[in-house]
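# Structure assessment
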Amino acid sequence: MAGIYIHIPFCKQKCSYCDFFSTANLNLRDKIIQAIAKEISLRKDYLLHQDIKTIYFGGGTPSLLNEEEFSILFNELYASFDLSHVQEITIEANPDDLDQNYIQILRHFPFNRLSVGFQTSNDKTLKLFMRRNISEDTIYAIRNCREAGYENISLDLIYGWPDEQMDDLMKDLDVLLSLNPQHVSAYHLTYEEKTSLYNKVKRGLLSPVDENLSVAFYHTIVERLKAEGIIQYEISNFAIPGFESKHNSSYWQSIPYLGVGPSAHSFNLNSRSWNPNDINSYIKKIDDGEVGTITEILNSREKYNDFILTRLRTVQGINLHELKNVHGSILYNYCLSMASPHLQQGRIVLEKDYLRLTQNGVFLSDSIISDLLSID
Ligand code: SF4
């Protein structure tokens, strides 16, 4: 089993909180699409002998692609891979791209899952986020998608934005749930360096939300979604059972994936590699018939760290039996001894051979995971 991730590195404008690799300069658009298509062909052996189960168009803004550009990429995918085992093909989309005409274009391609940036229903905050849409656009977009027959829609929610109160979150959840998503990804707002929101906080123009309120928001989201049958399966991800993201679940289960496009990462069990996050160098390398990836061979300690990092984010947690079998007794015992203080303080729990975060531990997940990692 394996997945393919395609990074479309352009956006019409940069959102104020986003540090994903993308550019609002669309001049090189044609060359980028040609280069990505060529990279698909150059790297067709990366996942040799693995059945491709998922394809994910992320970015950036894949919903800026037109019919011809999708055709170029899909033609190359079909030419380079056996896609007969693919179960899920996702496209990330911005609400203001999803008018009826555009959705008809999408219907010409085998997408069966849409991931749409809802973010919030608060128009003032959407403006602060420098999103291109207002809340009404999202409602209209999802209605269009439903009418066109899409039955697997994921919505991204951002919570913990400046001045957000519990009433605001409740309203966001009301609006979001009225759109009947099969899947929700809920992310606490973070202020990433080099983003314009980060600079505003640095200059004292915005204040991050109070930490206690953040925790209350998180618990409210978990419970409210659960009451609607949308169950948490990873720290930030929730789904109606059966609609969990197959592609993202692969990341948490150490399933190999090929990432193409500028800045995309790949993983094949024994190594990780990543493409340049510079569009010109990316295009130049591919034009020269080279793959510009940097590759890091994983040693046993790094494989253990990847295992901890990915598994502890899931609701199921770390399978201790698998940990011992795959990573050996020394790292197994190391993990248990480092987990011990967190077990005593109720941040993680050991149940039926699984070590998992409790709801109280989720907000400390970064430091708990870091304690369990093996450092040189
Ligand atoms: S959030 Fe999405 S649309 Fe906004 S800049 Fe980032 S990648 Fe582009």
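None of these values were measured; they are calculated from a predicted model. Numbering of residues starts from 1 in each chain and follows the order in which that chain's sequence is written. pLDDT decides what is reported in this predicted model: residues at 70 or higher carry local features, side-chain atom pairs at 80 or more are listed and counted, and totals for whole chains, interfaces and linings draw on all residues regardless.

## A closer look at the domain arrangement of the protein
Interfaces are often sized by the accessible area lost when the parts come together. By convention here, the domain bounds are inherited from an automatic or database domain assignment. With domains assigned, the protein is organised as domain 1 (2–251) and domain 2 (300–376). Residues are defined as contacting one another if the C-beta atoms placed from their backbone atoms lie within 7 Å. Facing the eight residues of domain 1 at the interface are eight residues of domain 2. Working definition: helices are DSSP H or I runs of at least four residues, strands are E runs of at least two. Numbering for both runs from the N terminus. For the side of domain 1 that touches domain 2, the elements supplying multiple residues, two or more each, are α8 (211–227) and β7 (231–234).

## Notes on the site of the ligand
The full set of residues close to the ligand is C11, K14, C15, C18, F20, S22, G59, G60, T61 and N94. A class-by-class count of the residues in the shell around the ligand yields four nonpolar, five polar and one charged. Any residue whose backbone-placed C-beta atom lies within 6 Å of a molecule or strand is treated as near that molecule or strand. Residue type decides the class: Asp, Glu, Lys and Arg count as charged, Ala, Val, Leu, Ile, Met, Phe, Trp, Tyr, Cys and Pro as nonpolar, and the leftover types, Gly among them, as polar.

## Considerations on the packing of helix α6 (residues 166–178) against α8
Describing two packed helices takes the angle between their axes plus the distance from one axis to the other. To get an axis, a line is fitted to the C-alpha atoms, and for a helix only the part in contact is used. The angle between two axes follows their N-to-C directions and goes from 0 to 180 degrees. Relative orientation of the contacting elements α6 and α8 amounts to 25°, with a least axis distance of 11 Å. As judged from the angle between their axes, α6 and α8 are roughly parallel. Note on packing geometry: the crossing formed by α6 with α8 is right-handed. On α8, the residues that touch M166, L169 and L173 of α6 are A216, F217, T220 and R224. Roughly parallel means an angle under 35 degrees; roughly antiparallel, over 145; roughly perpendicular, 65 to 115; everything else is oblique. Handedness of a crossing follows from how the near helix is turned relative to the far one, being left-handed for an anticlockwise turn of less than a right angle and right-handed for a clockwise one.

## Concerning helix α5 (residues 135–147)
With 13 residues, α5 should cover 18 Å at 1.5 Å per step; its first-to-last C-alpha distance of 19 Å lies within 8% of that length. Whether a residue is buried, exposed or partly exposed is read from the other C-beta atoms within 10 Å of its own C-beta, which are placed from the backbone; 20 or more gives buried, 12 or fewer gives exposed, and intermediate counts give partly exposed. All of the buried residues along α5 are S135, T138, A141, I142 and C145. All buried residues of α5 project into a common sector of 115° when viewed along the axis, lining one side. For α5, the exposed residues lying more than 90 degrees away from the buried face are E136 and E147. Positive phi shows up at G149, right after α5, with a value of about 105°. One less than the number of residues in a helix, times 1.5 Å, gives the span that helix is expected to have. Working definition: the arc comes from the directions between the helix axis and the C-beta atoms, pointing outward to the latter.

## Thoughts on helix α1 (residues 29–42)
Every α-helical turn comprises 3.6 residues, leaving residues that sit three or four positions apart pointing alike. Across its 14 residues, α1 extends 20 Å between first and last C-alpha, which sits within 8% of the 20 Å expected from 1.5 Å per residue. Along α1, the residues that are buried comprise I32, I33, A35, I36, A37, E39 and I40. Of the surrounding elements, those touching the buried residues of α1 are β1 (2–8), α2 (67–80), β9 (257–260) and α10 (279–287).

## Considerations on the nonpolar core
Structurally, a nonpolar core is described as a collection of buried Ala, Val, Leu, Ile, Met, Phe, Trp, Tyr and Cys residues joined by way of C-beta atoms within 7 Å. I6, I36, L114, V116, C145, L157 and V184 are the most contacted members of the largest nonpolar core, which totals 71 residues. Broken down by element, this core gets its largest block of residues, six residues, from α1. Residues within four places of L157 in sequence aside, it is in contact with F118, Q119, D172, L176, V184 and A186.

## Some points on the sheet that holds strand β14 (residues 348–351)
DSSP-based pairing: two strands are paired if at least 2 bridges between them are found. Pairing within the open sheet is antiparallel, and its three strands lie in the order β13-β15-β14. The open sheet terminates on both sides in strands that have one partner only, identified here as β13 (318–319) and β14. Here two bridges tie β13 to strand β15 (residues 354–357), and the two strands are oriented antiparallel to one another. Bridged to I318 within β15 is L355.

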